[in-house]
Amino acid sequence: MKFQFSEKKVKLPENVHAYAEKKVMKLARFFDEDAEALIVFSVEKNRNNVELTVHGAGTWFRASESTSDMFASIDAAVGTIEGQIRKNKTRLARRLKQGAFNRSVQEETSFAPEPEEELNIVRTKKFYFKPMTREEAVLQMNLLNHNFFAFRDEDNGGSFAVVYRRNDGGYGLLDDAQ
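Along each chain, the written sequence defines residue order, and numbers are assigned to residues from 1. This being a predicted model, a pLDDT of at least 70 is required before a residue's local features are given, and a value of 80 or more before pairs of side-chain atoms are given or counted; all residues contribute to the totals for chains, interfaces and linings. Heavy atoms throughout the structure, all of them, feed into the side-chain values; hydrogens and water do not.

**Some words on the packing of helix H1 (residues 14-24) against helix H2 (residues 70-87)**
What counts is decided by this rule: Note on definitions: angles span 0 to 180 degrees between N-to-C directions of axes, and those axes are lines fitted to C-alpha atoms, for helices only across the stretch in contact. Each helix is a run of H or I in the DSSP string that is no shorter than four residues. Each strand is a run of E no shorter than two, and both are numbered from the N terminus. By the definition adopted for this analysis, an angle is roughly parallel if under 35 degrees, roughly antiparallel if over 145, roughly perpendicular if from 65 to 115, and oblique otherwise. Each helix crossing is assigned a hand: it is left-handed if the near helix lies turned anticlockwise from the far helix by less than a right angle, otherwise right-handed if that turn is clockwise. Pairs of residues are marked as contacts when any of their non-hydrogen atoms sit within 4.5 Å. Note that Gly is not counted as nonpolar here; it falls among the polar residues with everything else outside the nonpolar set of Ala, Val, Leu, Ile, Met, Phe, Trp, Tyr, Cys and Pro and the charged set of Asp, Glu, Lys and Arg.
Two elements in contact, H1 and H2, have axes whose closest approach is 10 Å; the angle formed by their N-to-C orientations is 20 degrees. Classified by the interaxial angle, the pair formed by H1 and H2 is roughly parallel. At the point where H1 passes H2, the crossing takes the right-handed sense. Together, Asn15, Val16, Tyr19, Ala20, Lys23 and Val24 of H1 and Met70, Phe71, Ile74, Asp75 and Val78 of H2 make up the contact between the two elements. Residues that form the contact of H1 with H2 fall into these classes: 8 nonpolar, 1 polar and 2 charged.

Quick look at the structure:
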């Protein structure tokens, strides 16, 4: 597994990176060797934040945890991703490494199997996506007081796009990568 570390508004000692790498390596059994892990550390208002993103097997896993201790935040983020994998293990079985869920004698933690959750689509809506500029789409999203808005992007030849409101107050754009 390849690791990438990022620090926002904080400078951490190397032992924190080593601890994070050791804990995230517990997830390596689910992925092939080419998996990548991005770990972002930050501190805000005496809260130690860890955002862990793991990309492997063609799937992205993300967890963000905040505690009063950086080591506890790392543990919680790894636990969250492991929980996501276990919760969806039957859906992910073809993508994850073969034998990833086989138990070994040395395994230190035990997990009870979680009940399978059905993915039921309970409502379907059909829309005509009007071609508009990105600025018009953001304006329309704000007028509707929504967190996202799908549209045909005039700035990109009428391709499908989505604008969304980011947690930091800005806006994001999901664009068709043709």
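Once you've had a look at it, read on.
**Here we look at the environment of Asp69**
Applicable threshold: Relative accessible area decides the class of each residue, using a 1.4 Å probe on protein chains only: under 20% of the type maximum gives buried, over 50% gives exposed, and in between gives partly exposed.
Relative to the helices and strands, Asp69 resides in the loop between strand S4 (59-67) and H2. With relative accessibility at 37%, the residue Asp69 sits in the partly exposed group. As for Asp69 and Asn49, which are separated by 20 residues in sequence, their C-alpha atoms are 8.7 Å apart.

**So, the side chain of Ser73**
Applied cut-off: Residues adjacent in sequence count toward polar contacts only when both atoms are side-chain atoms; beyond that, a polar contact is any pair of N or O atoms within 3.5 Å, and within protein one must be able to donate a hydrogen and the other to accept it.
Structurally, the position occupied by Ser73 is in helix H2. There is a polar contact of 2.7 Å between the side chain of Ser73 and the side chain of Thr67. Excluding its chain neighbours within four sequence positions, the residues that come into contact with Ser73 are Asn48, Val50, Glu65, Ser66 and Thr67.

**Quick word on a negative patch on the surface**
Quick note on the threshold: Only residues whose relative accessible area exceeds 30% and that form no salt bridge are eligible for patches; like-charged ones are grouped when within 9 Å, while nonpolar side chains (Val, Leu, Ile, Met, Phe, Trp, Tyr) are grouped when within 5 Å. Here, Shrake-Rupley sampling with a 1.4 Å probe gives the accessible areas, and only protein chains in the shown set may cover a residue. The salt bridge criterion pairs a side-chain nitrogen of Lys or Arg with a carboxyl oxygen of Asp or Glu, the two atoms within 4 Å. Positive charges come from Lys and Arg alone, negative charges from Asp and Glu alone, with His and the N- and C-terminal ends not counted. Positions of charges follow a simple convention, taking NZ of Lys, CZ of Arg, CG of Asp or CD of Glu.
A surface patch of like charges, here negative, comprises Asp32, Glu33, Asp34 and Glu36. Summarising the element assignment, Glu33 is placed in the loop between H1 and strand S2 (36-44). Of the residues examined, Glu33 reaches a relative accessible area of 74% and is grouped as exposed.

**Describing the nonpolar core**
Heads up, the condition is: Take the buried residues of types Ala, Val, Leu, Ile, Met, Phe, Trp, Tyr and Cys, join any two whose side-chain atoms come within 4.5 Å, and each joined set is a nonpolar core.
The biggest cluster of nonpolar side chains holds 22 residues, and the ones touching the most others in it are Leu27, Phe31, Phe41, Leu52, Val54 and Ile81. Looking at this core element by element, the count peaks at 6 residues for H2. Contacts of Ile81, omitting those with residues within four sequence positions, involve Leu27, Leu52, Val54, Phe61, Arg62 and Ala63. Counting 8 residues, the second largest nonpolar core, distinct from the first, contains Met132, Ala137, Met141 and Phe149.

**A word on unusual backbone geometry**
Positive phi is not limited to glycine here, since Lys9 has a value of about 60 degrees. By secondary structure assignment, the location of Lys9 is in the loop between strand S1 (2-8) and H1. Take Lys9: its relative accessible area is 73%, and that puts it in the exposed class. Of note, the phi angle at Asn46 is positive, near 60 degrees, even though the residue is not glycine. Along the chain, Asn46 falls in the loop between S2 and strand S3 (47-56).

**Description of the pattern of salt bridges**
Per the stated rule, a full pass over the model turns up 7 salt bridges. One salt bridge connects Glu51 with Arg62, and the closest N-O pair in it is separated by 3.8 Å. Placement of Glu51 in strand S3 and of Arg62 in strand S4 is noted, with a sequence separation of 11 residues between them. Among the residues examined, Glu51 registers a relative accessible area of 32% and is labelled partly exposed. Across the pair Asp153 and Arg134 runs a salt bridge whose closest N-O atoms are separated by 2.8 Å. Linking Asp153 in strand S6 (residues 148-153) with Arg134 in helix H4 (residues 134-144), this pair joins segments that are 19 residues apart in sequence.

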